[in-house]
Amino acid sequence: MTNTPRPIAIAIDAVAEAALRARETEKAAEELRCDACNEVIEGEPSGRGLYVWARGDEVRREEPPLCGCCATAIGITALQAWSIEEEEG
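Residues numbered from 1 in each chain as written. Predicted model: local features only at pLDDT ≥ 70, side-chain atom pairs only at ≥ 80, totals over all residues. Heavy atoms only, no water.

S.K.: Lay out the overall build of the chain in plain terms, naming residues and giving numbers.
M.R.: Along the backbone of the chain there are two helices and four strands. Mapped from its N terminus to its C terminus, the chain presents α and β elements in the order α-β-β-β-β-α. Relative to its full complement of 89 residues, the chain shows a buried share of 12%. Taking contacts inside the chain between residues at least 6 apart in sequence as the whole, the part at least 24 apart equals 37%. Surface accessibility of the chain: about 7,700 Å² in total, with carbon and sulfur atoms responsible for 55%. (Helix = DSSP H or I, 4+ residues; strand = E, 2+ residues; numbered from the N terminus. Buried < 20%, exposed > 50% of the residue type's maximum accessible area, 1.4 Å probe, protein only. Contact = heavy atoms within 4.5 Å. Areas by Shrake-Rupley, 256 points an atom, 1.4 Å probe, with all protein chains shown as cover.)

This is the structure we're talking about:
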């Protein structure tokens, strides 16, 4: 499985941003893919990731869908990292 780099779009103005959002919405309606492995998700996603980033005073948040395997793997990895951190003090 290869992960294709996702293009980054930066809107110049509100009209451009609205056009980009419309394209993203249309694409999302066509088919749902796992953000980690890019596999097609049938039905509802098994989990969601979380991206949070800030630019100046603006904070953005995105919750991309995850398939069952990736949601489990990411969750277990995070739990294990948290457990190790707790043991170390």
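S.K.: Can you explain the pairing of strand β2 (residues 51–55)? Please cite residues and give values.
M.R.: With respect to burial, β2 is a largely exposed element, only zero of its five residues being buried. Where β2 lies against strand β3 (residues 58–62), five bridges are found, and the strand directions are antiparallel. The partner of Ala-54 across the bridge, within β3, is Val-59. A loop of two residues connects β2 with β3, the two strands running antiparallel in sequence, and Gly-56 in this loop sits at a positive phi of about 65 degrees. (Pairing = 2+ DSSP bridges.)

S.K.: Can you explain the pattern of salt bridges? Please cite residues and give values.
M.R.: In total, this model carries three salt bridges according to the counting rule given. A salt bridge links Arg-33 to Glu-31, with the nearest nitrogen and oxygen atoms 2.8 Å apart. The partly exposed category is assigned to Arg-33, whose relative accessible area is 34%. Residue Arg-61 pairs with Glu-63 through a salt bridge whose shortest N-O separation is 2.7 Å. The exposed category is assigned to Arg-61, whose relative accessible area is 57%. (Salt bridge = Lys/Arg side-chain N within 4 Å of Asp/Glu carboxyl O.)

S.K.: Break down the nonpolar core for me, with residues and values.
M.R.: Counting six residues, the largest nonpolar core is built from Cys-34, Cys-37, Ile-41, Leu-66, Cys-67 and Cys-70. Excluding its chain neighbours within four sequence positions, the residues that come into contact with Leu-66 are Cys-34, Asp-35, Ala-36, Ile-41, Pro-45, Ser-46, Gly-47, Arg-48, Gly-49, Ala-71 and Ile-74. (Core = buried A, V, L, I, M, F, W, Y, C linked by side-chain atoms within 4.5 Å.)

S.K.: Could you give an account of the confidence of the model for the chain, naming the residues involved and the relevant values?
M.R.: This prediction gives the chain a mean pLDDT of 84; 83% of its residues lie at or above 70. Mean pLDDT across the elements of the chain bottoms out in helix α1 (residues 14–30) (71) and peaks in strand β4 (residues 65–66) (96). (pLDDT = per-residue confidence, 0-100.)

S.K.: Run through a negative patch on the surface, naming residues and quoting values.
M.R.: A cluster of acidic side chains, namely Glu-85, Glu-86, Glu-87 and Glu-88, defines a negative patch on the protein surface. Structurally, Glu-87 can be placed in helix α2 (residues 68–88). Look at Glu-87 and you get exposed, because its relative accessible area is 68%. (Patch = residues over 30% accessible without salt bridge, like charges linked within 9 Å, V, L, I, M, F, W, Y side chains within 5 Å. Lys, Arg positive; Asp, Glu negative; His and termini not counted. Charge placed at Lys NZ, Arg CZ, Asp CG, Glu CD.)

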